[in-house]
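Structural overview for review
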Amino acid sequence: GLVAAAFMHRDSRAGDPDLHTHVAAANKVQTLDGRWLAIDGRVLFKAKVAASETYNTALERHLHDALGVRFAERIGTDPAKRPIREIVGVDLRLMERWSTRRARINSRRGELAVQFQTDHGRPPTPVEALNLAQQATLETRDAKHEPRSEAEQRRVWLAEAAAVLGGRGAITAMIATAFAPDAETARVADARWVAQTADRIVSVMEDSRPTWQMWHVRAEAERQIRTINLPAEQANTLVELLVDEVLDYRSIALTAPPDGIEEPEALRRADGSSVYTVAGADRYTSQRILDAEQRLVAAAGRWDGYVIHPSAVELAMLELAANGTALDAGQAVLVRDMCTSGARLQLAIAPAGAGKTTAMRALTLAWTQDGGQVIGLAPSAAAAVVLAEQSGIPADTLAKLTWSINHNDLPVWAARIGPSTLVIIDEAGMADTLSLDTAVQFAIGRGASVRLIGDDQQLAAIGAG
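So, a few notes on the structure that sits alongside this text.

Points about the sheet that holds strand E10 (residues 373-378)
Spatially, five strands are ordered E9-E13-E12-E10-E11 in an open sheet, and the strand pairing comes out parallel. The open sheet has two edge strands, strand E9 (345-349) and strand E11 (395-397), and neither has a second partner. Put simply, the sheet's adjacent strands are angled 25 degrees from each other on average, direction ignored. Pairing of strand E12 (residues 421-425) with strand E13 (residues 449-454), which is carried by four bridges, proceeds in the parallel orientation. For Val423, the partnering residue across the bridge sits in E13 and is Val450. Against the sheet, helix H14 (residues 356-369) engages E10, E12 and E13, with an angle of about 170 degrees to E12. Sitting on the sheet, helix H16 (residues 398-406) is in contact with E10, E11 and E12, with an inclination near 70 degrees to E11.

Some words on helix H10 (residues 232-249)
In this model, H10 (18 residues) spans 26 Å end to end at C-alpha, consistent with the 26 Å of a helix rising 1.5 Å per residue. Of the residues making up H10, those classed as buried are Ala235, Leu238, Val239, Leu242, Val243, Glu245, Val246 and Leu247. Looking at the buried residues of H10, the elements they touch are helix H8 (191-208), helix H9 (214-225) and strand E8 (284-285).

Quick notes on the environment of Gly372
As for its placement among the helices and strands, Gly372 is situated in the loop between H14 and E10. With residues up to four places along the chain from it excluded, the contact list for Gly372 reads Tyr306, Trp367 and Ser420.

Looking at helix H2 (residues 48-67)
Taking 1.5 Å of rise per residue, 20 residues should cover 28 Å, and H2 covers 28 Å from first to last C-alpha, within 8% of that figure. The set of residues buried in H2 consists of Ala50, Glu53, Thr57, Glu60 and Arg61. In a view along the axis of H2, the buried residues occupy a sector of 90 degrees, so they form one face of it. Of the residues in H2, the exposed ones pointing more than 90 degrees away from the buried face are His62 and Ala66. In the core, the buried residues of H2 are packed alongside strand E5 (71-73), strand E6 (85-87), H9 and H10. One or two residues past the end of H2 sits Gly68, with phi positive at roughly 85 degrees.

Description of the nonpolar core
If you look at the biggest cluster of nonpolar residues, it comprises 29 residues, and the most contacted ones within it are Val217, Leu238, Leu242 and Leu247. Every element with two or more residues in this core is listed here: H8, H9, H10 and helix H11 (287-299). Per-element accounting of this core gives the leading share, seven residues, to H10. Setting aside chain neighbours within four positions, we find Leu247 in contact with Trp212, Met214, Val217 and Tyr284. Core analysis: the second largest hydrophobic core is formed by 24 residues, Cys339, Ala348, Ala359 and Ile424 among them.

Rules behind the numbers
Residues numbered from 1 in each chain as written. Predicted model: local features only at pLDDT ≥ 70, side-chain atom pairs only at ≥ 80, totals over all residues. Heavy atoms only, no water. Pairing = 2+ DSSP bridges. Helix = DSSP H or I, 4+ residues; strand = E, 2+ residues; numbered from the N terminus. Axes fitted to C-alpha atoms, helices over the stretch in contact; angles between N-to-C directions. Contact = heavy atoms within 4.5 Å. Expected span 1.5 Å × (residues − 1). Buried < 20%, exposed > 50% of the residue type's maximum accessible area, 1.4 Å probe, protein only. Arc of directions from axis to C-beta. Core = buried A, V, L, I, M, F, W, Y, C linked by side-chain atoms within 4.5 Å.

Below is the structure:
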(Lines give C-alpha, C1' and ligand atoms only; values in the text may rest on other atoms or scores of the structure.)
Protein backbone atom coordinates (compact mmCIF):
# COMPACT_ATOMS: atom_id res chain seq x y z
CA GLY A 1 0.00 0.00 0.00
CA LEU A 2 2.97 2.36 -0.05
CA VAL A 3 3.07 5.19 -2.60
CA ALA A 4 6.68 5.91 -3.49
CA ALA A 5 8.94 7.38 -6.15
CA ALA A 6 12.20 5.64 -7.09
CA PHE A 7 15.18 7.59 -8.43
CA MET A 8 18.04 5.67 -10.01
CA HIS A 9 21.54 7.17 -9.73
CA ARG A 10 24.42 5.85 -11.80
CA ASP A 11 27.33 7.58 -10.06
CA SER A 12 28.60 8.98 -6.78
CA ARG A 13 29.33 12.62 -5.96
CA ALA A 14 32.95 11.90 -6.91
CA GLY A 15 31.79 10.81 -10.38
CA ASP A 16 32.62 7.12 -9.87
CA PRO A 17 30.18 4.46 -11.09
CA ASP A 18 27.84 3.79 -8.18
CA LEU A 19 24.52 2.38 -9.34
CA HIS A 20 21.92 2.80 -6.61
CA THR A 21 18.29 3.71 -6.10
CA HIS A 22 16.72 6.29 -3.80
CA VAL A 23 13.11 5.63 -2.82
CA ALA A 24 11.00 8.43 -1.35
CA ALA A 25 7.87 7.08 0.35
CA ALA A 26 4.84 9.34 0.68
CA ASN A 27 3.71 9.87 4.26
CA LYS A 28 0.06 9.03 3.40
CA VAL A 29 -1.54 5.66 2.93
CA GLN A 30 -5.10 4.62 2.12
CA THR A 31 -6.89 2.54 4.73
CA LEU A 32 -9.13 -0.42 3.95
CA ASP A 33 -12.19 1.79 4.33
CA GLY A 34 -10.88 4.31 1.79
CA ARG A 35 -9.59 7.04 4.12
CA TRP A 36 -6.13 8.58 3.65
CA LEU A 37 -4.11 8.70 6.88
CA ALA A 38 -0.49 9.28 7.89
CA ILE A 39 1.87 6.32 7.98
CA ASP A 40 3.16 5.27 11.42
CA GLY A 41 6.70 6.54 10.98
CA ARG A 42 7.96 4.43 13.87
CA VAL A 43 7.31 1.24 11.94
CA LEU A 44 8.80 2.59 8.71
CA PHE A 45 11.94 3.69 10.59
CA LYS A 46 12.35 0.28 12.24
CA ALA A 47 11.88 -1.47 8.89
CA LYS A 48 14.45 0.54 6.91
CA VAL A 49 17.39 -1.89 7.27
CA ALA A 50 15.22 -4.91 6.50
CA ALA A 51 13.87 -3.04 3.46
CA SER A 52 17.41 -2.27 2.31
CA GLU A 53 18.41 -5.92 2.64
CA THR A 54 15.28 -7.00 0.75
CA TYR A 55 16.34 -4.65 -2.07
CA ASN A 56 19.87 -6.11 -2.08
CA THR A 57 18.54 -9.67 -2.27
CA ALA A 58 16.19 -8.78 -5.13
CA LEU A 59 18.93 -6.91 -7.00
CA GLU A 60 21.35 -9.85 -6.78
CA ARG A 61 18.69 -12.25 -8.03
CA HIS A 62 17.65 -9.90 -10.86
CA LEU A 63 21.23 -9.47 -12.11
CA HIS A 64 21.81 -13.20 -11.91
CA ASP A 65 18.67 -13.98 -13.90
CA ALA A 66 19.19 -11.20 -16.45
CA LEU A 67 22.95 -11.37 -17.01
CA GLY A 68 24.14 -14.66 -15.55
CA VAL A 69 26.50 -12.98 -13.08
CA ARG A 70 27.15 -14.49 -9.66
CA PHE A 71 27.76 -12.72 -6.35
CA ALA A 72 30.15 -13.83 -3.61
CA GLU A 73 31.80 -12.35 -0.55
CA ARG A 74 34.65 -10.06 -1.48
CA ILE A 75 38.11 -11.45 -0.72
CA GLY A 76 39.82 -9.61 2.12
CA THR A 77 36.62 -8.42 3.81
CA ASP A 78 37.18 -7.40 7.43
CA PRO A 79 35.97 -10.40 9.50
CA ALA A 80 34.75 -8.01 12.19
CA LYS A 81 32.29 -6.43 9.75
CA ARG A 82 29.43 -7.78 7.68
CA PRO A 83 30.61 -9.46 4.47
CA ILE A 84 30.59 -7.35 1.31
CA ARG A 85 29.21 -9.18 -1.72
CA GLU A 86 30.45 -8.36 -5.19
CA ILE A 87 30.06 -9.71 -8.72
CA VAL A 88 32.49 -12.58 -9.23
CA GLY A 89 35.10 -11.72 -11.86
CA VAL A 90 35.22 -7.94 -11.39
CA ASP A 91 38.81 -6.87 -10.78
CA LEU A 92 39.47 -5.58 -7.25
CA ARG A 93 41.67 -2.84 -8.71
CA LEU A 94 38.61 -1.33 -10.35
CA MET A 95 36.72 -1.36 -7.05
CA GLU A 96 39.60 0.52 -5.44
CA ARG A 97 39.88 2.99 -8.34
CA TRP A 98 36.17 3.72 -8.22
CA SER A 99 35.99 4.13 -4.43
CA THR A 100 37.29 7.69 -4.37
CA ARG A 101 34.48 8.90 -2.16
CA ARG A 102 34.86 6.01 0.29
CA ALA A 103 38.63 6.46 0.48
CA ARG A 104 38.30 10.14 1.37
CA ILE A 105 35.66 9.39 4.01
CA ASN A 106 37.78 6.63 5.58
CA SER A 107 40.85 8.85 5.64
CA ARG A 108 39.00 11.65 7.40
CA ARG A 109 37.25 9.22 9.75
CA GLY A 110 40.67 7.88 10.79
CA GLU A 111 41.87 11.40 11.54
CA LEU A 112 38.77 12.09 13.64
CA ALA A 113 39.18 8.80 15.55
CA VAL A 114 42.80 9.64 16.40
CA GLN A 115 41.74 13.09 17.61
CA PHE A 116 38.95 11.52 19.70
CA GLN A 117 41.45 9.15 21.32
CA THR A 118 43.75 12.09 22.11
CA ASP A 119 40.94 14.19 23.57
CA HIS A 120 39.20 11.48 25.64
CA GLY A 121 41.94 8.94 26.37
CA ARG A 122 39.90 6.06 24.94
CA PRO A 123 38.63 4.82 21.59
CA PRO A 124 35.15 5.89 20.48
CA THR A 125 32.21 3.63 21.29
CA PRO A 126 30.16 2.24 18.36
CA VAL A 127 27.65 5.08 18.58
CA GLU A 128 30.43 7.66 18.76
CA ALA A 129 32.26 5.97 15.88
CA LEU A 130 29.07 6.19 13.80
CA ASN A 131 28.81 9.90 14.58
CA LEU A 132 32.45 10.37 13.55
CA ALA A 133 31.75 8.52 10.28
CA GLN A 134 28.77 10.80 9.60
CA GLN A 135 30.92 13.84 10.38
CA ALA A 136 33.61 12.59 8.00
CA THR A 137 30.99 12.01 5.31
CA LEU A 138 29.70 15.57 5.56
CA GLU A 139 33.15 17.18 5.80
CA THR A 140 34.39 15.43 2.64
CA ARG A 141 31.17 15.91 0.70
CA ASP A 142 31.70 17.60 -2.65
CA ALA A 143 29.13 19.77 -4.31
CA LYS A 144 27.08 17.88 -6.88
CA HIS A 145 28.82 17.88 -10.23
CA GLU A 146 27.24 18.88 -13.51
CA PRO A 147 24.95 16.19 -14.95
CA ARG A 148 26.41 13.86 -17.56
CA SER A 149 24.59 11.64 -20.03
CA GLU A 150 24.95 7.89 -19.70
CA ALA A 151 27.03 7.87 -22.89
CA GLU A 152 29.43 10.43 -21.40
CA GLN A 153 29.71 8.47 -18.18
CA ARG A 154 30.44 5.24 -20.03
CA ARG A 155 33.11 6.91 -22.15
CA VAL A 156 34.92 8.28 -19.08
CA TRP A 157 34.63 5.06 -17.11
CA LEU A 158 35.86 2.98 -20.04
CA ALA A 159 38.99 5.12 -20.28
CA GLU A 160 39.57 4.88 -16.52
CA ALA A 161 39.11 1.09 -16.55
CA ALA A 162 41.50 0.71 -19.47
CA ALA A 163 44.13 2.71 -17.59
CA VAL A 164 43.75 0.51 -14.51
CA LEU A 165 43.56 -2.90 -16.22
CA GLY A 166 45.97 -2.26 -19.10
CA GLY A 167 43.79 -1.75 -22.17
CA ARG A 168 40.47 -2.53 -23.81
CA GLY A 169 41.38 -6.20 -24.23
CA ALA A 170 41.70 -6.65 -20.47
CA ILE A 171 38.29 -5.07 -19.98
CA THR A 172 36.71 -7.41 -22.52
CA ALA A 173 38.31 -10.44 -20.85
CA MET A 174 37.13 -9.36 -17.40
CA ILE A 175 33.55 -8.86 -18.61
CA ALA A 176 33.55 -12.27 -20.29
CA THR A 177 34.70 -13.86 -17.03
CA ALA A 178 32.01 -12.05 -15.05
CA PHE A 179 29.28 -13.15 -17.48
CA ALA A 180 30.41 -16.79 -17.34
CA PRO A 181 31.49 -17.42 -13.72
CA ASP A 182 32.59 -20.83 -12.53
CA ALA A 183 29.66 -22.98 -11.53
CA GLU A 184 28.91 -22.94 -7.82
CA THR A 185 27.85 -26.00 -5.90
CA ALA A 186 24.09 -25.71 -5.54
CA ARG A 187 22.83 -25.44 -1.98
CA VAL A 188 19.30 -26.64 -1.37
CA ALA A 189 17.04 -24.92 1.15
CA ASP A 190 15.88 -28.14 2.80
CA ALA A 191 14.84 -28.61 6.43
CA ARG A 192 18.45 -29.10 7.53
CA TRP A 193 19.55 -25.85 5.85
CA VAL A 194 16.65 -23.96 7.43
CA ALA A 195 17.53 -25.28 10.91
CA GLN A 196 21.25 -24.50 10.52
CA THR A 197 20.54 -21.05 9.12
CA ALA A 198 18.10 -20.22 11.91
CA ASP A 199 20.79 -21.21 14.43
CA ARG A 200 23.27 -18.98 12.57
CA ILE A 201 20.87 -16.02 12.67
CA VAL A 202 20.41 -16.41 16.43
CA SER A 203 24.19 -16.49 16.84
CA VAL A 204 24.49 -13.26 14.86
CA MET A 205 21.80 -11.66 17.02
CA GLU A 206 23.53 -12.77 20.25
CA ASP A 207 26.88 -11.39 19.12
CA SER A 208 25.52 -7.97 18.22
CA ARG A 209 22.69 -7.10 20.62
CA PRO A 210 21.18 -8.28 23.94
CA THR A 211 17.62 -8.07 22.58
CA TRP A 212 16.25 -8.03 19.07
CA GLN A 213 13.08 -7.41 17.13
CA MET A 214 11.48 -9.02 14.13
CA TRP A 215 13.12 -6.42 11.84
CA HIS A 216 16.63 -7.41 12.93
CA VAL A 217 15.90 -11.08 12.26
CA ARG A 218 14.30 -10.35 8.89
CA ALA A 219 17.32 -8.30 7.75
CA GLU A 220 19.72 -11.11 8.68
CA ALA A 221 17.46 -13.72 7.01
CA GLU A 222 17.68 -11.70 3.79
CA ARG A 223 21.49 -11.76 4.00
CA GLN A 224 21.50 -15.51 4.57
CA ILE A 225 19.25 -16.53 1.67
CA ARG A 226 21.60 -14.86 -0.84
CA THR A 227 24.01 -17.73 -0.29
CA ILE A 228 21.71 -20.26 -1.97
CA ASN A 229 20.36 -20.58 -5.48
CA LEU A 230 16.71 -19.71 -5.02
CA PRO A 231 14.05 -18.53 -7.48
CA ALA A 232 13.03 -14.94 -6.80
CA GLU A 233 9.39 -15.82 -6.21
CA GLN A 234 10.38 -18.17 -3.35
CA ALA A 235 12.67 -15.73 -1.52
CA ASN A 236 10.01 -14.03 0.57
CA THR A 237 8.47 -17.35 1.63
CA LEU A 238 11.85 -18.61 2.83
CA VAL A 239 12.52 -15.38 4.72
CA GLU A 240 9.16 -15.70 6.49
CA LEU A 241 9.99 -19.30 7.41
CA LEU A 242 13.37 -18.30 8.86
CA VAL A 243 11.87 -15.43 10.84
CA ASP A 244 9.27 -17.77 12.34
CA GLU A 245 11.92 -20.39 13.17
CA VAL A 246 14.08 -17.84 14.98
CA LEU A 247 11.35 -15.98 16.87
CA ASP A 248 9.01 -18.87 17.68
CA TYR A 249 11.49 -21.67 18.47
CA ARG A 250 14.90 -20.11 19.19
CA SER A 251 14.11 -16.85 20.98
CA ILE A 252 12.46 -15.86 24.25
CA ALA A 253 9.84 -13.13 24.00
CA LEU A 254 10.31 -10.28 26.49
CA THR A 255 6.66 -9.32 26.69
CA ALA A 256 4.78 -7.97 29.68
CA PRO A 257 2.17 -10.29 31.16
CA PRO A 258 -1.34 -9.68 29.82
CA ASP A 259 -3.32 -7.08 31.74
CA GLY A 260 -6.61 -8.88 31.17
CA ILE A 261 -8.10 -6.00 29.17
CA GLU A 262 -9.64 -6.98 25.83
CA GLU A 263 -9.98 -4.22 23.25
CA PRO A 264 -13.26 -4.14 21.32
CA GLU A 265 -13.31 -4.96 17.62
CA ALA A 266 -13.23 -1.27 16.69
CA LEU A 267 -9.82 -0.94 18.35
CA ARG A 268 -8.25 -3.91 16.58
CA ARG A 269 -6.41 -4.08 13.30
CA ALA A 270 -7.21 -6.42 10.46
CA ASP A 271 -4.75 -9.00 11.89
CA GLY A 272 -6.42 -8.85 15.31
CA SER A 273 -3.69 -6.84 17.06
CA SER A 274 -4.52 -3.88 19.29
CA VAL A 275 -4.22 -0.39 17.80
CA TYR A 276 -2.31 0.52 20.98
CA THR A 277 0.61 -1.71 20.02
CA VAL A 278 3.36 -0.86 17.53
CA ALA A 279 3.71 -3.46 14.80
CA GLY A 280 6.99 -5.37 15.02
CA ALA A 281 7.95 -3.77 18.36
CA ASP A 282 8.06 -6.99 20.41
CA ARG A 283 11.54 -7.70 21.79
CA TYR A 284 13.26 -11.07 22.10
CA THR A 285 16.41 -12.51 23.57
CA SER A 286 17.92 -15.99 23.92
CA GLN A 287 18.39 -18.43 26.74
CA ARG A 288 22.14 -18.15 26.25
CA ILE A 289 22.13 -14.43 27.08
CA LEU A 290 19.76 -14.88 30.03
CA ASP A 291 21.95 -17.69 31.40
CA ALA A 292 25.09 -15.54 31.08
CA GLU A 293 23.40 -12.69 32.95
CA GLN A 294 22.25 -15.08 35.70
CA ARG A 295 25.77 -16.52 36.12
CA LEU A 296 27.21 -13.02 36.50
CA VAL A 297 24.62 -12.12 39.13
CA ALA A 298 25.27 -15.41 40.96
CA ALA A 299 29.05 -14.80 40.91
CA ALA A 300 28.49 -11.37 42.46
CA GLY A 301 26.84 -13.11 45.41
CA ARG A 302 29.87 -15.22 46.32
CA TRP A 303 32.18 -14.05 49.16
CA ASP A 304 34.66 -16.94 49.35
CA GLY A 305 37.52 -15.27 47.50
CA TYR A 306 41.06 -14.24 48.39
CA VAL A 307 41.32 -11.62 51.17
CA ILE A 308 44.15 -9.12 51.68
CA HIS A 309 45.18 -8.38 55.25
CA PRO A 310 43.98 -4.91 56.30
CA SER A 311 47.49 -3.90 57.36
CA ALA A 312 48.77 -4.52 53.81
CA VAL A 313 46.06 -2.23 52.46
CA GLU A 314 46.95 0.58 54.86
CA LEU A 315 50.66 0.24 54.11
CA ALA A 316 50.00 0.45 50.35
CA MET A 317 47.98 3.64 50.73
CA LEU A 318 50.64 5.15 53.03
CA GLU A 319 53.32 4.31 50.47
CA LEU A 320 51.39 6.05 47.69
CA ALA A 321 50.79 9.07 49.90
CA ALA A 322 54.51 9.25 50.72
CA ASN A 323 55.21 9.32 46.99
CA GLY A 324 52.82 12.22 46.45
CA THR A 325 49.60 10.34 45.60
CA ALA A 326 47.18 10.55 48.51
CA LEU A 327 43.78 8.89 48.15
CA ASP A 328 40.62 10.77 49.01
CA ALA A 329 37.97 9.24 51.25
CA GLY A 330 36.02 7.62 48.40
CA GLN A 331 39.10 6.06 46.83
CA ALA A 332 40.27 4.74 50.20
CA VAL A 333 36.90 3.08 50.90
CA LEU A 334 36.96 1.49 47.44
CA VAL A 335 40.46 0.05 47.90
CA ARG A 336 39.80 -1.26 51.42
CA ASP A 337 36.52 -2.93 50.42
CA MET A 338 37.83 -4.52 47.23
CA CYS A 339 40.87 -5.92 49.03
CA THR A 340 39.19 -7.26 52.17
CA SER A 341 35.64 -8.21 51.10
CA GLY A 342 36.43 -11.67 49.76
CA ALA A 343 33.95 -11.04 46.95
CA ARG A 344 34.52 -13.14 43.85
CA LEU A 345 32.97 -10.50 41.58
CA GLN A 346 32.75 -6.88 42.64
CA LEU A 347 31.94 -3.66 40.80
CA ALA A 348 33.27 -0.12 41.21
CA ILE A 349 31.28 2.65 39.53
CA ALA A 350 32.62 6.19 39.22
CA PRO A 351 32.40 8.95 36.61
CA ALA A 352 35.33 10.04 34.48
CA GLY A 353 37.87 12.06 36.45
CA ALA A 354 36.92 10.55 39.82
CA GLY A 355 40.32 8.89 40.25
CA LYS A 356 39.57 5.27 39.37
CA THR A 357 43.09 4.82 37.96
CA THR A 358 44.73 6.07 41.19
CA ALA A 359 42.54 3.73 43.23
CA MET A 360 43.51 0.83 40.96
CA ARG A 361 47.20 1.56 41.56
CA ALA A 362 46.63 1.36 45.32
CA LEU A 363 44.56 -1.81 44.92
CA THR A 364 47.29 -3.41 42.79
CA LEU A 365 50.04 -2.41 45.23
CA ALA A 366 48.18 -3.82 48.25
CA TRP A 367 47.29 -7.05 46.46
CA THR A 368 50.80 -7.76 45.16
CA GLN A 369 52.57 -6.81 48.40
CA ASP A 370 50.41 -9.35 50.23
CA GLY A 371 51.56 -12.11 47.89
CA GLY A 372 48.93 -12.02 45.13
CA GLN A 373 49.17 -11.21 41.44
CA VAL A 374 47.06 -8.77 39.42
CA ILE A 375 46.10 -9.02 35.75
CA GLY A 376 44.20 -6.44 33.71
CA LEU A 377 41.64 -6.86 30.94
CA ALA A 378 39.80 -4.31 28.80
CA PRO A 379 37.25 -4.42 25.93
CA SER A 380 39.65 -2.78 23.43
CA ALA A 381 43.37 -2.96 22.72
CA ALA A 382 43.73 0.79 23.25
CA ALA A 383 42.05 0.60 26.65
CA ALA A 384 44.28 -2.36 27.61
CA VAL A 385 47.40 -0.35 26.74
CA VAL A 386 46.19 2.58 28.84
CA LEU A 387 45.38 0.25 31.76
CA ALA A 388 48.85 -1.31 31.62
CA GLU A 389 50.59 2.07 31.43
CA GLN A 390 48.63 3.68 34.24
CA SER A 391 48.48 0.76 36.67
CA GLY A 392 51.73 -1.04 35.89
CA ILE A 393 50.07 -4.45 35.55
CA PRO A 394 50.11 -6.77 32.52
CA ALA A 395 46.92 -6.18 30.53
CA ASP A 396 45.27 -7.62 27.44
CA THR A 397 41.87 -7.64 25.77
CA LEU A 398 38.77 -9.58 26.74
CA ALA A 399 38.58 -10.84 23.16
CA LYS A 400 42.08 -12.34 23.43
CA LEU A 401 41.15 -14.21 26.60
CA THR A 402 37.80 -15.51 25.32
CA TRP A 403 39.39 -16.61 22.02
CA SER A 404 42.15 -18.41 23.93
CA ILE A 405 39.63 -20.14 26.19
CA ASN A 406 37.45 -21.26 23.27
CA HIS A 407 40.49 -22.53 21.32
CA ASN A 408 42.21 -24.14 24.34
CA ASP A 409 45.33 -22.06 23.69
CA LEU A 410 45.94 -20.00 26.83
CA PRO A 411 48.66 -17.33 26.88
CA VAL A 412 51.17 -17.58 29.73
CA TRP A 413 49.51 -14.85 31.81
CA ALA A 414 46.11 -16.58 31.59
CA ALA A 415 47.53 -20.00 32.47
CA ARG A 416 48.99 -18.51 35.67
CA ILE A 417 45.62 -17.33 36.99
CA GLY A 418 45.01 -18.98 40.37
CA PRO A 419 43.42 -18.48 43.83
CA SER A 420 45.63 -15.48 44.68
CA THR A 421 45.00 -13.72 41.35
CA LEU A 422 42.97 -10.55 41.01
CA VAL A 423 41.59 -9.86 37.53
CA ILE A 424 40.72 -6.20 36.94
CA ILE A 425 38.39 -5.56 34.00
CA ASP A 426 38.51 -1.88 33.11
CA GLU A 427 35.85 -0.02 31.08
CA ALA A 428 33.48 -2.81 32.09
CA GLY A 429 30.44 -0.96 30.78
CA MET A 430 31.75 -1.52 27.25
CA ALA A 431 32.24 -5.27 27.75
CA ASP A 432 29.64 -7.48 26.07
CA THR A 433 27.74 -9.87 28.31
CA LEU A 434 28.88 -13.13 26.72
CA SER A 435 32.60 -12.24 26.77
CA LEU A 436 32.31 -10.91 30.31
CA ASP A 437 30.60 -14.12 31.43
CA THR A 438 33.26 -16.28 29.77
CA ALA A 439 36.11 -14.32 31.39
CA VAL A 440 34.51 -14.24 34.85
CA GLN A 441 33.64 -17.94 34.85
CA PHE A 442 37.16 -18.82 33.72
CA ALA A 443 38.80 -16.68 36.41
CA ILE A 444 36.51 -17.80 39.24
CA GLY A 445 36.79 -21.41 38.08
CA ARG A 446 40.55 -21.18 38.70
CA GLY A 447 39.96 -19.67 42.14
CA ALA A 448 40.63 -16.04 41.20
CA SER A 449 38.64 -12.91 42.07
CA VAL A 450 37.38 -10.31 39.58
CA ARG A 451 36.89 -6.57 39.91
CA LEU A 452 34.89 -4.62 37.36
CA ILE A 453 35.73 -0.92 36.96
CA GLY A 454 33.53 1.39 34.95
CA ASP A 455 31.06 4.21 34.57
CA ASP A 456 27.32 3.48 34.42
CA GLN A 457 26.80 6.66 32.39
CA GLN A 458 29.15 5.46 29.67
CA LEU A 459 27.74 4.36 26.33
CA ALA A 460 26.97 0.69 26.03
CA ALA A 461 28.90 -2.31 24.82
CA ILE A 462 30.09 -2.93 21.28
CA GLY A 463 28.34 -6.30 21.31
CA ALA A 464 25.38 -7.60 23.28
CA GLY A 465 25.90 -5.89 26.65
